[in-house]
Structure formats: structure tokens, C-alpha cells
Amino acid sequence: MKRVFSSLNLAEVHHARNLLEAEGIRAFVRNEFLSGAMGEVPFDQCQPELWIAADQDSARAERVLREGLLWGRAKGSIWQCACGEIIEAQFTQCWRCGSEKSP
Ligand SMILES: [Zn+2]
């Protein structure tokens, strides 16, 4: 299992899952019901997350998400780190590798 996407916007996480399912990639949402606990649980632990069941699908999943989310949205609302991670615009640092967002 591998986390491929996370967002504070649950609808967007579900949208991302739909994109993957449409490509035949098995995916599921975690932390779906934790957002109500925001403030009590550390921020990075209550964000809805999208996970895929099979690690070998991750490259394909990232491509699908990049095309479906990055290109489908207003420029600047989301960015992709050099390591491949897709990050919400309000974060300026990659949670996976720690890199700063490049200008
Ligand atoms: Zn990164």
C-alpha cells in the first residue's frame, strides 16, 4: 500500500480516487472521518489521504493524478515536488522529502 495523495479537501481526495478507479487502479481513502477532530490530532495525521492497494501501480497512479488534478485545476492551486509528490498550494514544503517549493 502506498499513499499517493492527500488534501484537506475531502471532495478532492474522493475525486482523485475516482480518477484512479476509472483507470482500474484500486484506491481507498484514509482519515476520511478524522477531520472533525482537527485541533486535537496533529495536523498531518487528520488530513484525508488517498492510498493505492498495489505499490506497482504508484507510477501510473501519480501520472493519472498529475493529469487529472494538476491540469484540471487553476494554476498555482497545487504543485508537484521534484520527488513526484503532489502538494496542496498552502504548503510550501514537501512532506515526503522536505524540499521547498521552487518559485
Ligand atoms: Zn518532495
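Residues numbered from 1 in each chain as written. Predicted model: local features only at pLDDT ≥ 70, side-chain atom pairs only at ≥ 80, totals over all residues. Heavy atoms only, no water.

Visitor: Got a minute to help me understand the overall build of the protein chain in this structure?
Guide: When its secondary structure is counted, the protein chain shows two helices and five strands. When burial is assessed residue by residue, the protein chain has 36% of its 103 residues classed as buried. Residue pairs at least 24 apart in sequence account for 50% of intrachain contacts in the protein chain once pairs closer than 6 positions are excluded. Carbon and sulfur atoms make up 51% of the accessible area of the protein chain, which amounts to about 5900 Å² in all. (Helix = DSSP H or I, 4+ residues; strand = E, 2+ residues; numbered from the N terminus. Buried < 20%, exposed > 50% of the residue type's maximum accessible area, 1.4 Å probe, protein only. Contact = heavy atoms within 4.5 Å. Areas by Shrake-Rupley, 256 points an atom, 1.4 Å probe, with all protein chains shown as cover.)

Visitor: I'm lost on the coordination of the zinc ion in this one. Help?
Guide: The textbook angles at a metal center are 109.5 degrees for a tetrahedron of four donors and 90 or 180 degrees for an octahedron of six. Only Cys81 (SG), Cys83 (SG), Cys94 (SG) and Cys97 (SG) from the protein reach the zinc ion as donors, at distances of 2.3 Å. Around the zinc ion sit four donor atoms, and with donor-metal-donor angles ranging over 103 to 115 degrees the site reads as tetrahedral. Counting residues between consecutive donors of the zinc ion along the chain gives the motif C-x1-C-x10-C-x2-C. A residue pair is termed long-range when its members are at least 10 positions apart, and Cys83 in the loop between strand 4 (78-80) and strand 5 (86-88) and Cys94 in the segment after strand 5 qualify at 11 residues. (Donors = N, O, S within 2.8 Å, 3.2 Å for Na, K, Ca; no water. Tetrahedral: all angles 85-135°; square planar, octahedral: opposite > 155°, others 65-115°.)

Visitor: I'm lost on the pattern of salt bridges in this one. Help?
Guide: Pairing is possible between side chains that carry opposite charge, provided their charged atoms lie close to one another. On inspection of all chains with the given rule, the structure shows five salt bridges. Linking Glu49 and Arg3 is a salt bridge whose minimum nitrogen-to-oxygen distance equals 2.2 Å. Of this pair, Glu49 sits in strand 3 (residues 49-52) while Arg3 sits in strand 1 (residues 2-6), placing them 46 residues apart in sequence. The pair Glu49 / Arg3 is uniform in exposure class, with both members buried. Between Asp57 and Arg60 there is a salt bridge whose closest N-O contact spans 4.0 Å. A residue is classified by how much of its surface remains accessible, and Asp57, at 18% relative accessible area, is buried. Counted as one network, the salt bridges with shared partners bring together Lys2, Glu62, Glu85 and Arg96. (Salt bridge = Lys/Arg side-chain N within 4 Å of Asp/Glu carboxyl O.)

Visitor: How should I be thinking about the side chain of Gln47 in this particular structure?
Guide: Within the secondary structure, Gln47 sits in the loop between strand 2 (27-30) and strand 3. In this structure, Gln47 is in contact with Ser6, Ser7, Leu8, Arg30, Asn31 and Phe91, ignoring residues within four places of it in sequence.

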